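An overview of the molecular structure
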Amino acid sequence: MMAKNIVIIGAGFSGVYATKKLAKRFKGNPEVHITLIDRHSYFTYMTRLHEVATERVEPDSIQYDLQRIFHKQKNVQLITDNVSEIDKENKKVIGENGTYPFDSLLISMGGEPNDFGTPGVKENGFTLWSMEDAITLRDHINLIIRKGALERDPKKRQAMLTLVVCGSGFTGAETVGELIDYKKVLARENKIDPSEIKIMLVEAAPTIINMLDRTNAAHAEAYFKKNNVRFEQNP
Ligand SMILES: Cc1cc2nc3c(=O)[nH]c(=O)nc-3n(C[C@H](O)[C@H](O)[C@H](O)COP(=O)(O)OP(=O)(O)OC[C@H]3O[C@@H](n4cnc5c(N)ncnc54)[C@H](O)[C@@H]3O)c2cc1C
C-alpha cells in the first residue's frame, strides 16, 4: 500500500473526535499519516465561551492542550497553523506557515454566527463563537459598564448600562443566564446598584429558546422574568 496522508482541519469537537477515531483505526499502520491542523495549539470547550465572556472562568480553564489530548496517539501529527486555502486540484492545504499535502481531507472548521440579516447586529454587535470573541466581549462589557457608572447624563448612562443579547438560542439564553449573575459582580466592582444594569433579550420568533420543549423553555423564561430580563419579541 502507498503511503496515505489524512489531513483534518479544525480541532473542535468534531475534528478531535474524528482524529481520535482515525488514530485508533490506523494504529500500527506506518503507511497512514494523520495530521490535525488548527489555528490554536489548544482545543476550545466552545459550549462554555459565555462563561469566559462573563468572567465566571478564566480563558485557560476552557482550553485543553492538544499535545496532551493526543499524547497517546503517536500516529497523529499536530500542526498549529491558520489555513487560508485548499488547493483541491493539487490536493494541498495551504496555511500561513506551510503547505500540507493530503490524500483524504476532513474539513471540520466549525460554523459562524448567523444574524439572519437583522439590521444593526453585524455593525454594532459582538459575536460569541471563538475564544477571541469571548475575550473581546468580556473586555467590552467591563469597559462599557465602567464608563456607564461614571456617566452623568441619564440617557447615556442607561444606554451604557444596558446589555442586549440578540437571539434566544442556546448561546443567547445561556449568555443571559450568566449576565444575570455577572451584573451583580459588575455592580459591586463599579459601586453602583445592580438594578441599574439592565439585560434585554431580543428574539425574532414569538417565543424564546425554541429548540427546547415548551415546559423547559417556560422555566427559563420564568427565571429570566424573575430577574428582570426585558424581552423584545417578534420585532
Ligand atoms: C456559548 C456556546 C454554547 C453552546 N452550547 C451548546 C450546547 O449546550 N449544546 C450543543 O450541542 N452545542 C452547543 N454549542 C454549539 C457547539 O459548541 C458547536 O456546535 C460545536 O463547537 C461545533 O463543533 P465543530 O467541531 O464543528 O466546530 P468548532 O468547535 O467551532 O471547531 C472548529 C475548529 O476549527 C478551527 N479553525 C477554524 N478555522 C480555521 C482555520 N482557517 N485554520 C485553522 N483552524 C481553524 C477553530 O480554531 C476550531 O478549533 C454552543 C456554542 C457556544 C458558542
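What counts, and where the lines are drawn
Residues numbered from 1 in each chain as written. Predicted model: local features only at pLDDT ≥ 70, side-chain atom pairs only at ≥ 80, totals over all residues. Heavy atoms only, no water. Buried < 20%, exposed > 50% of the residue type's maximum accessible area, 1.4 Å probe, protein only. Helix = DSSP H or I, 4+ residues; strand = E, 2+ residues; numbered from the N terminus. Pairing = 2+ DSSP bridges. Right-handed = clockwise from strand over helix to strand, strands pointing away. Domains from an automatic or database assignment. Contact = heavy atoms within 4.5 Å. Buried area = accessible area lost by both parts, 1.4 Å probe. Salt bridge = Lys/Arg side-chain N within 4 Å of Asp/Glu carboxyl O. Polar contact = N/O pair within 3.5 Å; in protein donor to acceptor, adjacent residues only side chain to side chain. Nonpolar A, V, L, I, M, F, W, Y, C, P; charged D, E, K, R; others polar. Expected span 1.5 Å × (residues − 1). Bend = angle between axes of the 7 residues up to and from the residue. UniProt positions renumbered as here; feature names shortened; annotations may be inferred. Axes fitted to C-alpha atoms, helices over the stretch in contact; angles between N-to-C directions. Core = buried A, V, L, I, M, F, W, Y, C linked by side-chain atoms within 4.5 Å.

1. Things to note about the pairing of strand 10 (residues 162-166)
Across the two faces of strand 10 the burial differs, with Leu163 and Val165 buried and Thr162, Val164 and Cys166 not buried at all. Of the pairings in the sheet, the one linking strand 10 to strand 11 (residues 198-203) comprises 5 bridges and is parallel in character. Of the residues in strand 11, the one forming a bridge with Leu163 is Ile199. The β-α-β motif built from strand 10, the intervening helix 7 (residues 170-190) and the parallel element strand 11 has right-handed crossover chirality.

2. Focus on the domain arrangement of the protein
Here the protein is partitioned into domain 1 (4-107) and domain 2 (121-233). Contacts between domain 1 and domain 2 engage 16 residues on the former and 17 residues on the latter. Carbon and sulfur atoms make up 64% of the surface buried where domain 1 meets domain 2, a total of about 1,400 Å² over both sides. Together, His50, Ala53 and Thr54 form the three largest contributors to the area buried by domain 1 at its contact with domain 2, with a combined 38%. Viewed at the interface, domain 2 and domain 1 are joined by 2 salt bridges. Notably, a salt bridge pairs Asp181 with Arg56, separated by 2.8 Å at the nearest N-O pair. For the interface between domain 1 and domain 2, the tally reads 6 residue pairs in polar contact (both at pLDDT 80 or more). Secondary structure elements with two or more residues in the side of domain 1 that touches domain 2: strand 3 (42-44) and helix 2 (49-53). Of all the elements, helix 2 adds the most residues to the side of domain 1 that touches domain 2, at 5 residues. Tallied by class, the residues present in the side of domain 1 that touches domain 2 amount to 7 nonpolar, 6 polar and 3 charged.

3. Brief notes about helix 7
In this model helix 7 runs 29 Å from its N-terminal to its C-terminal C-alpha over 21 residues, within 8% of the 30 Å that 1.5 Å per residue would give. Of all the bends found along helix 7, the most pronounced is centred on Asp181 and spans about 35°. Just past helix 7, the residue Lys191 takes up positive phi, approximately 55°.

4. Some details on the UniProt feature "domain: FAD/NAD(P)-binding" (unreviewed entry) in the protein
Mapped onto the present numbering, the UniProt feature "domain: FAD/NAD(P)-binding" (unreviewed entry) falls at residues 5-232. From the first C-alpha to the last, residues 5-232 spans 51 Å; its make-up is 38% helix and 23% strand.

5. Topic: the sheet that holds strand 5 (residues 76-80)
Backbone hydrogen bonds hold the strands of a sheet together, and the pairing may be parallel or antiparallel. Strand order in the open sheet formed by 4 strands is 5-2-1-9, with parallel pairing between adjacent strands. Looking at the sheet topology across the chains shown, the edges are occupied by strand 5 and strand 9 (104-107). Strand-to-strand twist in this sheet, taken as the mean axis angle between neighbours without regard to direction, amounts to 20°. The sheet contact formed by strand 2 (residues 32-38) and strand 5 spans 5 bridges and is parallel. Within the sheet, the bridge partner assigned to Thr35 lies in strand 5 and is Gln77.

6. Observations concerning the nonpolar core
Membership of the largest hydrophobic core comes to 35 residues, with the highest contact counts inside it found for Ile141, Ile145, Val176, Leu201 and Phe224. Elements with a contribution of two residues or more to this core: helix 2, helix 5 (131-150), strand 10, helix 7, strand 11 and helix 8 (214-226). Looking at which domains feed residues into this core, each of domain 1 (4-107) and domain 2 (121-233) supplies at least three. The contacts of Phe224, once residues within four sequence positions are left out, are Ala173, Val176, Gly177, Ile180, Leu201, Ile208, Ile209, Val229 and Phe231. In this structure, Ile6, Ile8, Val32 and Val76 belong to the second largest nonpolar core, which totals 13 residues.

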